[in-house]
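The residues making up each chain are set out below.
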Amino acid sequence: MDKKNRSSCGVVIVAAGRGERAGSHPDGPKQYRRIGGRPVIAHTLDVFVNWSPAERIVAVIHPDDSDLFAAALAEVEGDKERVKAVFGGSSRQRSVLAGLEALTASGVEHVLIHDAVRPFVGPALLDCIEASLLTGERAVLPAVAVTDTLKRAGANGCVGETVPRAGLFAAQTPQAFHFSTILEAHRRAAQDGRDDFTDDAAIAEWAGVPVRLVEGTPDNVKLTLQKDITMADERLSASFPDVRTGNGYDVHQLVPGDGVTLCGLFLPHDQKLSGHSDADVALHALTDALLATCGAGDIGDHFPPSDPQWKGAASRIFLEHAARIVRDRGGVIMNADVSLIAEAPKIGPHRAEMRQKLAEMLGISLDRCSVKATTNEQIGFIGRREGIAAIATATVVYRNPLA
Ligand SMILES: Nc1ccn([C@@H]2O[C@H](COP(=O)(O)OP(=O)(O)OP(=O)(O)O)[C@@H](O)[C@H]2O)c(=O)n1
Ligand SMILES: C[C@](O)(CO)[C@H](O)COP(=O)(O)O
């Protein structure tokens, strides 16, 4: 989704429960149990810290779990600066209210409230919920239609009746709301002594706020019992990593001038690259390579050369935009590699600084960034110093389903 059409969201992740139905375990309550080698809550936080509309993330934890939470947070991959922990209460409802109160000064317009123990939430569901909020909905509930036949138990372990399942849905999280609407509803429920709501949509319903249903994902299960944790662990341990590689190519003409910008670095030279933006071929090729890893089109789709706002633009804007798209779709950039094909200026003395710039722009470590250069042996248009070309490759691992 285009950045300018995105909402400003806070996120409350409730993690203060004791997980009694799952049973006790040396790793602690179920949100700290390891699935696929990492704590459940680390998987959950990964998704939100890499989802760009999430401006503030409040994890609501139990006062006994501060050390467990700090250790789990250390395993989260992404911008953890946005995550703050507060203590919850004796019920889920009280924990949610503690999380909402912690967001009051943040100025966010919307809030997503999510169970820490639903680690398989994916960015596609978050985007779908956000899209519904952006149409003006004040409460949005992801839910899946019930597919089993439902029975109500009667006396002596026998069926009392069959419950018609038409129109019945199982509620999931994250449930999303206009922030001040749900805060006010939660505060009012607490003042009225109501402590029996099992989800936040029910509080919105009680407050008379219409709740929009959107389609949840069957994968987004809540880990409630020991068997759920076992199945989650098997699922993550058995799954193949979703590794994708994209490539990109770009070329720009050299004309008389005072220097060229390559990998975001200005190199004084007796020529310049001509183009609509700063004509940084290296960043253009790498932008295309990143977009290719998730089928997100090419640089021209996102930044049309016909659009005057990109005239003379620094190409880091394009690269950072592509990196954001990748992260929003659950991708982790593993590697970025650029080959420059230029007769002059000499790239070798500037390679280290160029790699450093790529690492900064992409938010990844230096050893994952590579810049190489070759001449064209004085052959063809590059050999005649009429242009510079770049070829780039990016490797991205997608942690969550793209669909
Ligand atoms: N006082 C509570 C109770 C629950 N939760 C959170 O609400 C989510 C959904 O609750 P549930 O699955 O019922 O978790 P527990 O209450 O921990 O489980 P149990 O009822 O088996 O003890 C969990 O992420 C849980 O940590 C919370 O923050 N504060
Ligand atoms: C909020 C919830 O995940 C919606 O399905 C669910 O109600 C929370 O679990 P609990 O067992 O009711 O605490």
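The rules behind these values
- In this numbering scheme, every chain counts its residues from 1 along its sequence in written order.
- Whichever chain is written first is A, and whichever ligand is written first is 1; the rest continue in order.
- Local features are withheld for residues below a pLDDT of 70 in this predicted model, meaning they are given only at 70 or higher, and side-chain atom pairs are given and counted only at 80 or more; totals for whole chains, interfaces and linings count all residues.
- Excluded from the side-chain calculation are hydrogens and water; included are all heavy atoms of the structure.
- Runs of H or I in DSSP of at least four residues are treated as helices and runs of E of at least two as strands, each being numbered from the N terminus.
- Any residue under 20% of the maximum accessible area for its type is buried, any over 50% is exposed, and the rest in between are partly exposed; the area is computed with a 1.4 Å probe on protein chains only.
- By definition in these notes, contact holds between two residues if any of their heavy atoms fall within 4.5 Å.
- Here the accessible surface of atoms and residues is derived via Shrake-Rupley with a 1.4 Å probe, and residues count as covered only by protein chains that are part of the display.
- We call a residue near a molecule or strand as soon as one heavy atom of that residue lies within 4 Å of the molecule or strand.
- Counting of polar contacts relies on pairs of N or O atoms within 3.5 Å, with two restrictions inside protein: one atom must be capable of donating a hydrogen and the other of accepting it, and residues adjacent in sequence are counted only when both atoms are side-chain atoms.
- For this classification, the nonpolar set comprises Ala, Val, Leu, Ile, Met, Phe, Trp, Tyr, Cys and Pro, the charged set comprises Asp, Glu, Lys and Arg, and every other residue, Gly included, is treated as polar.
- The predictor's confidence in any single residue is recorded as pLDDT, a number from 0 to 100.
- Only residues whose relative accessible area exceeds 30% and that form no salt bridge are eligible for patches; like-charged ones are grouped when within 9 Å, while nonpolar side chains (Val, Leu, Ile, Met, Phe, Trp, Tyr) are grouped when within 5 Å.
- Between Lys or Arg on one side and Asp or Glu on the other, a salt bridge is scored when a side-chain nitrogen of the former is within 4 Å of a carboxyl oxygen of the latter.
- Strands are treated as partners if at least two bridges between them are detected by DSSP.
- Cysteine sulfur atoms that come within 2.5 Å of each other are treated as a disulfide pair.
- Grouping buried Ala, Val, Leu, Ile, Met, Phe, Trp, Tyr and Cys residues that are joined through side-chain atoms within 4.5 Å yields what is termed a nonpolar core.
- Lines fitted to C-alpha atoms define the axes here, with helix axes fitted over just the stretch in contact, and angles between the N-to-C directions of these axes take values from 0 to 180 degrees.

A. The overall build of the protein, seen in detail. Tallying secondary structure elements over the protein gives twelve helices and 19 strands in all. Within the span of the protein, comprising 403 residues, buried residues form 48% of the whole. Of the contacts formed within the protein by residues at least 6 apart in sequence, a portion of 76% connects residues at least 24 apart. When the accessible surface of the protein is totalled, it reaches about 18,700 Å², and 52% of it is carbon and sulfur.

B. Expanded view of the site of ligand 2. In the neighbourhood of ligand 2, the contacting residues comprise Arg21, Arg92, Asp115, Arg118, Ala171, Thr173, Thr198, Asp199 and Lys222. Between an oxygen atom of ligand 2 and a side-chain N or O atom of Asp115, the distance comes to 2.5 Å. Coverage of ligand 2 by the protein chains reaches 75% of its 350 Å² of free accessible surface. Classifying every residue of the shell around ligand 2 by side-chain character gives one nonpolar, two polar and six charged.

C. Region of the structure containing the confidence of the model for the protein. Summarising the model, the protein shows a mean pLDDT of 95, and 98% of its residues fall at 70 or more. The ipTM value of the predicted complex is 0.94, and its pTM value is 0.69.

D. Structural context of a nonpolar patch on the surface. Among the surface-exposed residues, Tyr249, Val251, Phe381 and Ile391 lie close enough to one another that they form a single nonpolar patch of about 350 Å² accessible area. Tracing the chain through its elements places Val251 in strand E13 (residues 242–256).

E. View of the pairing of strand E19 (residues 387–398). The element E19 is largely enclosed, with a buried count of nine among its twelve residues. When E13 meets E19, the two strands line up antiparallel, connected through twelve bridges. Across the sheet, the residue bridging to Tyr249 is Ile391, located in E19.

F. Summary view of the state of the cysteines. What the rule picks out here adds up to zero disulfides. Cys263 takes part in no disulfide bond, and the closest cysteine sulfur to it belongs to Cys369, at a distance of 9.5 Å.

G. Quick look at the site of ligand 1. Lining the immediate environment of ligand 1, one finds 19 residues, of which Val14, Gly19, Glu20, Arg21 and Ser95 sit closest. One of the backbone N or O atoms of Ala116 is found 3.3 Å from an oxygen atom in ligand 1. Summarising the interface, the protein chains cover 87% of the accessible area of ligand 1, which totals 560 Å² for the free molecule. Among the elements of the structure, strand E1 (9–15) and helix H3 (92–102) are those that each provide at least two residues to the shell around ligand 1.

H. Region of the structure containing the nonpolar core. Leu262, Leu286, Leu290, Leu340, Met354, Leu358 and Leu362 are the most contacted members of the largest nonpolar core, which has 43 residues in total. Contributing elements (two or more residues each) for this core: strand E14 (259–262), strand E15 (265–268), helix H8 (281–292), helix H10 (316–328), strand E17 (331–341), helix H11 (351–362), strand E18 (369–374) and E19. Sort the elements by how many residues they give to this core and H8 lands first, with eight residues. Apart from the residues within four sequence positions on either side, Leu290 is in contact with Leu319, Ala322, Ala323, Val326, Ile333, Leu362, Ala394 and Val396. One finds Tyr32, Phe69, Val83 and Ala116 within the second-largest nonpolar core, a separate group that totals 31 residues.

I. Expanded view of the sheet that holds E19. Reading across from one edge, E16-E13-E19-E17-E18 is the order of the five strands in this open sheet, with mixed pairing throughout. In the strand order of this sheet, the two ends are held by strand E16 (271–274) and E18, each with one partner. Across this sheet, the average inter-strand angle for adjacent strands is 25°, counted without regard to direction. As defined by bridge partners, E17 adjoins E18 across six bridges and the pair is classed as parallel. Within the sheet, the bridge partner assigned to Asp337 lies in E18 and is Ser370. Of the strands in this sheet, E13, E17 and E19 are in contact with H8, which crosses E13 at around 155°. Across the face of the sheet, H10 comes into contact with E17 and E19 while running at roughly 150° to E17.

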